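Analysis of the macromolecular model
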Amino acid sequence: MGELGRSGIEEVLALTDRFVEVNERSIPKVPALRGKTVVSLFYEDSTRTRLSFETAARRLSADVMSFSVSSSSVNKGESLRDTVETIEAMGVDAIVVRHKSSGVPWQLSGWVQPRTSVVNAGDGWHEHPTQALLDCYTIREKRGGGDGSGLAGLRIAIVGDIRHSRVARSDVSAFTALGAEVTLVAPPTLLPPSLDGWPVQVSHDLDALLPGLDVVYLLRLQQERMIEALLPSLREYTATYGLTARRAELLRPDALIMHPGPVNRGVEVAADVADLPSSVITRQVQNGVAVRMAVLYLLLGSGVDRAAL
Ligand code: NCD
């Protein structure tokens, strides 16, 4: 996320406007990536990110190959490198990869030919750049200046399991690059061991923060990554850090409730709160397709005039 910087993020967001418009058409499809092949290579569970990338590629008329670890030769002991080289030998233009290890997308891009692009769909605890882009787009659409002022001055709290969250890492970098003020809210055991270099504030008092926020961004407790017992109990977590109905009333009416999904209703957010009009969780999913169309287009764009999109 860091390398993209403010101008890179703004470029993706500006192009996303075009694809949001395409997605509203009765036939939401453009020929921009006809003849290109995109493969999704997911070594970790996913619903929305995988479907979102595959939908994005199809709406750009690319051919899509979908790789499932559970039914592949990975189960026969094939290495990541051999798998990638096999896929590449079939002639693909982009590999969208999700992996439990941080850094895998960078490793892959060193292995494949320069003509094959690698897109990070989430690597370990490290980064989830397209999630951050769709989050920025959604906040800008609902609250920000479309006039290039980015997210300047908006107050955003990211609440929950920051320690294990690649979404938090990418969001902090993108939100602050666009000028937002970010506060992390979590029990000390769910914060990273060091926050050196993170341009954020930290709070343990969600109630005090809520009335001043523009966005409350909730994270799922990554129980699959909690190798130690980091919480006394889920009930206690919800009592202190969950967005309960009582807490949601402390928010200003124009404040946004966001979550990357999948949501554990009743844990980080109360079931009814996730469905309030100020919750933009479904809009995040919709915008995700358009953002990923923009990313794929920028990487693989076949020289089609943008006016023809
Ligand atoms: C997130 C992920 O996988 O990093 N989900 C997503 O991509 N929308 C967050 C999560 O799993 O909690």
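About the cut-offs
- Residues numbered from 1 in each chain as written.
- Predicted model: local features only at pLDDT ≥ 70, side-chain atom pairs only at ≥ 80, totals over all residues.
- Heavy atoms only, no water.
- Phe/Tyr/Trp six-rings, centres within 6.5 Å; stacked < 30°, edge-to-face > 60°.
- Helix = DSSP H or I, 4+ residues; strand = E, 2+ residues; numbered from the N terminus.
- Lys NZ or Arg CZ within 6 Å of the ring centre and 35° of its normal.
- Core = buried A, V, L, I, M, F, W, Y, C linked by side-chain atoms within 4.5 Å.
- Buried < 20%, exposed > 50% of the residue type's maximum accessible area, 1.4 Å probe, protein only.
- Domains from an automatic or database assignment.
- Contact = heavy atoms within 4.5 Å.
- Buried area = accessible area lost by both parts, 1.4 Å probe.
- Salt bridge = Lys/Arg side-chain N within 4 Å of Asp/Glu carboxyl O.
- Polar contact = N/O pair within 3.5 Å; in protein donor to acceptor, adjacent residues only side chain to side chain.
- Nonpolar A, V, L, I, M, F, W, Y, C, P; charged D, E, K, R; others polar.

1. Observations regarding the packing of aromatic side chains
For the structure shown, the criterion picks out four aromatic pairs. Each ring, one from Y43 and one from F67, has its centre 6.0 Å from the other, and the planes form 35 degrees; the classification is tilted. One end of the pair, Y43, is in the loop between β1 (37–42) and α2 (48–59); the other, F67, is in strand β2 (residues 63–68), and 24 residues separate them in sequence. The lysine or arginine in question, R292, covers the ring of F53, its NZ or CZ lying 4.9 Å from the ring centre.

2. Quick notes on the nonpolar core
Looking at soluble globular proteins, one finds that nonpolar side chains tend to be buried together. Among the nonpolar cores identified, the biggest contains 86 residues, and F19, I158, F175 and L243 are the most heavily contacted of them. Looking at this core element by element, the count peaks at 10 residues for helix α11 (residues 281–300). Taken domain by domain, this core gets at least three of its residues from each of domain 1 (5–126 + 285–308) and domain 2 (129–284). Grouped together as the second largest cluster of nonpolar side chains are 15 residues, F67, L80, V84 and V92 included.

3. Looking at the environment of L213
Take L213: it is sitting in the loop between α7 (206–209) and β8 (215–218). By relative accessible area, which is 3% here, L213 ends up buried. Each residue touching L213, except ones within four places of it in the same chain, is listed here: R155, I156, A157, R252 and A255.

4. Some details on the domain arrangement of the protein
As far as domains go, the protein holds domain 1 (5–126 + 285–308) and domain 2 (129–284). Each of domain 1 and domain 2 has a C-alpha centre, and these two points are 26 Å apart. Counting residues at the interface gives 26 residues for domain 1, matched by 29 residues for domain 2. The contact between domain 1 and domain 2 buries some 2500 Å² in all, and 54% of this surface belongs to carbon and sulfur atoms. Where domain 1 meets domain 2, there are two salt bridges. Between D17 and R140 there is a salt bridge; the shortest N-O distance is 3.3 Å. Along the contact surface separating domain 1 from domain 2 lie 17 residue pairs in polar contact (both at pLDDT 80 or more). Those elements that provide at least two residues to the side of domain 1 that touches domain 2 are α1 (5–23), α2, β3 (94–99), β4 (117–123) and α11. Among the elements that take part in the side of domain 1 that touches domain 2, α1 stands out by supplying eight residues, more than any other. Along the lines of polarity and charge, the residues of the side of domain 1 that touches domain 2 split into nine nonpolar, nine polar and eight charged.

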